[in-house]
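Residues per chain, in single letters:
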Amino acid sequence: MALAVADVLPQIAAAVDLIAAQFKQGGRLFYIGAGTSGRLGILDASECPPTYGVDFGLVVGLIAGGDGAIRKAVEGAEDRPRTGAQMT
């Protein structure tokens, strides 16, 4: 895995620079996902305020299927317009 990450370090650095520049202009970072990727985005977003001392809402995690999908899988939520749009 370390070798795979090493191959894309320039792209990761460019993304970090872009995000940091947007933060300086008042922007926010949104993680948007379905299933595990959505849960991991929410987890990371929830850790940013206590870990880095940033305001709640600077980094936001959204998951297809809404709040209930955080704790219990809502299979196919991202594939259905109503549940896919139901982000929290």
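Parameters at a glance
- Residues numbered from 1 in each chain as written.
- Predicted model: local features only at pLDDT ≥ 70, side-chain atom pairs only at ≥ 80, totals over all residues.
- Heavy atoms only, no water.
- pLDDT = per-residue confidence, 0-100.
- Helix = DSSP H or I, 4+ residues; strand = E, 2+ residues; numbered from the N terminus.
- Salt bridge = Lys/Arg side-chain N within 4 Å of Asp/Glu carboxyl O.
- Buried < 20%, exposed > 50% of the residue type's maximum accessible area, 1.4 Å probe, protein only.
- Pairing = 2+ DSSP bridges.
- Right-handed = clockwise from strand over helix to strand, strands pointing away.
- Patch = residues over 30% accessible without salt bridge, like charges linked within 9 Å, V, L, I, M, F, W, Y side chains within 5 Å.
- Areas by Shrake-Rupley, 256 points an atom, 1.4 Å probe, with all protein chains shown as cover.
- Contact = heavy atoms within 4.5 Å.
- Expected span 1.5 Å × (residues − 1).

On to the confidence of the model for the protein. Low-confidence regions, as indicated by low pLDDT, have predicted coordinates that should not be scrutinised in detail. Per-residue pLDDT for the protein has a mean of 90; in total, 91% of the residues score no lower than 70. Helix α2 (residues 9-24) holds the highest mean pLDDT among the elements of the protein, 97, whereas helix α5 (residues 81-84) holds the lowest, 68.

On to the pattern of salt bridges. One pass over the structure, following the stated rule, counts one salt bridge. For D67, the salt bridge identified is with R71, shortest N-O distance 3.3 Å.

Next up on the list: the environment of D55. Within the element layout of this structure, D55 appears in the loop between α3 (36-52) and β2 (59-63). The class for D55 is exposed, based on a relative accessible area of 63%.

Looking now at the pairing of β2. In terms of residue burial, β2 counts as a mostly covered element, since five of its five residues are buried. Residues V59, G61 and I63 point to one face of β2 and V60 and L62 to the other, with burial holding for every one of them. Looking at chain direction, strand β1 (residues 29-33) and β2 are connected through five bridges and run parallel. Within the sheet, the bridge partner assigned to L29 lies in β2 and is V59. Once you follow β1 into α3 and on to β2, the crossover reads as right-handed.

Nonpolar side chains collect at one region of the surface, where M1, V5, V8, L9, I12 and V16 lie side by side and expose about 570 Å² of accessible area between them. Take V16: its relative accessible area is 49%, and that puts it in the partly exposed class.

This brings us to the environment of F30. Following the sequence through the fold, F30 ends up in strand β1. If near-sequence neighbours (up to four positions away) are discounted, F30 is found in contact with V60 and L62.

Next up on the list: α3. In this model α3 runs 23 Å from its N-terminal to its C-terminal C-alpha over 17 residues, within 8% of the 24 Å that 1.5 Å per residue would give. Within α3, the full set of buried residues consists of G38, G41, I42, A45, C48 and P49. Buried residues belonging to α3 abut β1, β2 and α4 (68-71). One or two positions beyond α3, positive phi appears at G53, with a value near 70°.

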